[in-house]
Amino acid sequence: MDERIYEHAEVLVDWSARIEAGDDVVVSVGEGAHDLAVAVAGALGERGANVVTTYASEEVQRAYLRAHDGEFELPEHELALYEAADSVLFLGGTRNTAATADVPTETRQAYGRATEAVREARMNTDWVSTVHPTRAMAQQAGMSYEEYADFVYDAILRDWEELADEMANMKEVLDEGSEVRLVKEDTDLTMSIEGRTAVNSGASVVYDSHNLPSGEVFTAPVEDAVEGEVFFDVPMTLEGQRVENVHLTFEGGEVVDFSAEQGEDALAGILDTDEGARRLGELGIGMNRGIDRFTNSILFDEKMGDTVHLAVGRAYDACLPEGVEGNQSAVHVDMITDMSEDSVIEVDGEVIQRNGTFRWEDGF
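- Named according to an unreviewed UniProt entry, the protein chain is Aminopeptidase originating from Haloferax marinisediminis.

Right under this line is the structure:
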C-alpha cells in the first residue's frame, strides 16, 4: 500500500485518538476505506487495544431506510456498543457521494430522532473522524484520484503541534470575547459567545478535537442571541444532494427565513428536523493553510484558512459552561462562507481577521 496510509493510521491512533493498551475501540469502516482500516487495525493491535469493527456503507444505509416503514425504535444493541467503548474511529471513504439522495426527508428525520441517544453515546467517547481518499470523492472534488490523494495527505500529515500553538491565538480571543460579528457581501451577523469556551481543534482528543484533518477554532454561540443575515457561498452536499448559495436570516437566535439557489428542499429538511435545528450550535473559524481548495467535503472545506462555518443544530458540550445544556438537536450541519475578500471578523468591535488574514499574520 501507499506508505502514507500507514502514516495516516499512526497519526490517527497516536496523536488524534491517543489509544492505549486495553482501550475498547470501535472502528467504523466506510465502504471505500478498507486499506486505511487494515493499517489502523495493525496499529491498534500493536498497542494492545481491544477492537470491534463495523461496516459503514451509504448504500447499505439507503437500502435499510427506503425499505423501513418509518416507525423507528432506539437500537439498544448499538447503544450498548458505544456506551461500552472508550474510543470510536470513523474511517470515511464513500464509493458514491449521492448514495442516499433518494431517501425521503421524513424518513431521515424520523431515523435521526430515534437514534439520537446512539449519537450522544458515540460523542461521549474519545471519537475521531477521518477519511480515506476514494475515486468518488476525487470526482466530487473535480480532481484526478492521484491529485486528490496528494491533497488529502497534505492536509492530514502535518505538524499538528505547531498548528495548535498558532490556533491558541484565536482560542484566546474567543475565550475572552463576548460578541462576534461577521461582515461581507450579503452577510452581517452578530452572535453572543458570552461565557462560552472555544476549542483549539488540533486534531487530537487532548484538545477536545475530533476530526483528522482539523485546523479550526470553534465555539458555541448563545442559542437565543444571534441576529442578522449570513450567506454561505461554498457549495456543499447535504443528505446526498448538492446545495449552493444558502442565505439564512436570524431573529432572536432562530432561522426565520432561508433560501438556496440549489438544494433548497434538502436545506428545508434539515431545518425542519426539530426546534433546535433552526438555531446555531457552532461558530468555527478555519485555520488549516494546508487545505488550499474547496472539494465539496465538509471535513476539509470547513478547516480551510479564509473560511468561517456555522452549524445549525446541536452544540458541543466542550464549548458550554458546566450545567448549561446549550442548543439541542438531532442534527449538526455545517455551512461555509468564504472570508478571503471584502470581509472582516470582529470580536467585541475589534477586527481579528480582514480578507482572510489574521491580525497576527503578515499582511494584516
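As for the nonpolar core
Reasoning step 1: In this structure, Leu91 and Leu248 are the most contacted members of the largest nonpolar core, which totals 86 residues.
Reasoning step 2: Here this core takes 7 residues from helix α8 (residues 145–156), the largest share from any one element.
Reasoning step 3: Of the residues that make up this core, three or more belong to each of domain 1 (3–156) and domain 2 (160–358).
Reasoning step 4: Leu248 has contacts with Gly228, Glu229, Val230, Phe232, Val255, Asp257, Phe258, Leu267, Leu271, Val312 and Met335, leaving out every residue within four places of it along the chain.
Reasoning step 5: In this structure, Ala85, Val88, Phe90 and Val118 belong to the second largest nonpolar core, which totals 9 residues.

Describing the layout of surface pockets
Think of a ball as big as a water molecule: rolled over the atoms, this probe shows where empty space is left.
Reasoning step 1: Considered as a void within the structure, the second largest pocket measures approximately 210 Å³ in volume.
Reasoning step 2: In the lining of the second largest pocket, the residues fall into 6 nonpolar, 3 polar and 4 charged.
Reasoning step 3: Taken domain by domain, the makeup of the lining of the second largest pocket includes at least three residues from each of domain 1 (3–156) and domain 2 (160–358).

What about the packing of helix α1 (residues 3–16) against helix α2 (residues 34–46)?
Reasoning step 1: One can describe the packing of α1 onto α2 by two numbers: an axis separation of 9 Å at closest approach and a directional angle of 50°. When the interaxial angle is binned, α1 and α2 end up oblique. Every pair of crossing elements has a handedness; the one defined by α1 and α2 is right-handed. Here α1 contributes Ile5, Tyr6, His8, Ala9, Glu10, Leu12 and Val13 to the contact with α2, which in turn contributes Asp35, Leu36, Ala39, Val40, Ala43, Leu44 and Glu46.
Reasoning step 2: Of the residues assigned to the contact of α1 with α2, the class counts are 10 nonpolar, 1 polar and 3 charged.

Comments concerning helix α10 (residues 264–271)
Reasoning step 1: Burial analysis of α10 places 6 of its 8 residues in the buried class, which makes it a mostly covered element.
Reasoning step 2: Residues Ala266, Leu267, Ala268, Gly269, Ile270 and Leu271 constitute the buried set of α10.
Reasoning step 3: Where α10 is buried, its residues meet α5 (105–114), β11 (236–238), β12 (241–251), β13 (254–262), β15 (307–313) and β16 (332–338).

Considering a nonpolar patch on the surface
Reasoning step 1: A cluster of nonpolar side chains, Met1, Tyr6 and Val38, forms an exposed patch at the surface whose accessible area comes to about 270 Å².
Reasoning step 2: Here Met1 lies in the segment before α1.

A word on the sheet that holds strand β7 (residues 199–201)
Reasoning step 1: One open sheet accounts for 5 strands, arranged β7-β9-β14-β15-β16; its pairing is antiparallel. What marks the edges here is a single partner per strand, and that holds for β7 and β16. The sheet shows a mean angle of 25° between the axes of neighbouring strands, taken without regard to direction.
Reasoning step 2: Two strands pair when backbone bridges link them, and β15 and β16 are joined in this way by 7 bridges, in the antiparallel orientation. Bridge pairing links Val312 to Val333 in β16.
Reasoning step 3: With respect to the sheet, helix α9 (residues 160–176) is in contact with β7, β9 (216–219) and β14 (280–286), its orientation differing from that of β9 by roughly 25°.

What to know about the domain arrangement of the protein chain
Reasoning step 1: Domains assigned within the protein chain are domain 1 (3–156) and domain 2 (160–358).
Reasoning step 2: Taken over C-alpha atoms, the centre of domain 1 sits 23 Å from the centre of domain 2.
Reasoning step 3: Summing both sides of the interface, domain 1 and domain 2 together bury roughly 2900 Å²; the carbon and sulfur share of this comes to 56%.
Reasoning step 4: The tally of links from domain 1 across to domain 2 stands at 2 salt bridges.

Here is what the cut-offs are and how they apply
- Residues numbered from 1 in each chain as written.
- Predicted model: local features only at pLDDT ≥ 70, side-chain atom pairs only at ≥ 80, totals over all residues.
- Heavy atoms only, no water.
- Core = buried A, V, L, I, M, F, W, Y, C linked by side-chain atoms within 4.5 Å.
- Buried < 20%, exposed > 50% of the residue type's maximum accessible area, 1.4 Å probe, protein only.
- Helix = DSSP H or I, 4+ residues; strand = E, 2+ residues; numbered from the N terminus.
- Domains from an automatic or database assignment.
- Contact = heavy atoms within 4.5 Å.
- 1 Å grid on protein atoms, 1.4 Å probe; cavity = no way out; pocket = protein on both sides within 12 Å on 5 of 7 lines; lining within 4 Å.
- Points joined across faces, edges and corners; volume = space filled by probe spheres on them.
- Nonpolar A, V, L, I, M, F, W, Y, C, P; charged D, E, K, R; others polar.
- Axes fitted to C-alpha atoms, helices over the stretch in contact; angles between N-to-C directions.
- Parallel < 35°, antiparallel > 145°, perpendicular 65-115°, else oblique.
- Left-handed = near helix turned anticlockwise from the far one by under 90°.
- Patch = residues over 30% accessible without salt bridge, like charges linked within 9 Å, V, L, I, M, F, W, Y side chains within 5 Å.
- Areas by Shrake-Rupley, 256 points an atom, 1.4 Å probe, with all protein chains shown as cover.
- Salt bridge = Lys/Arg side-chain N within 4 Å of Asp/Glu carboxyl O.
- Pairing = 2+ DSSP bridges.
- Buried area = accessible area lost by both parts, 1.4 Å probe.

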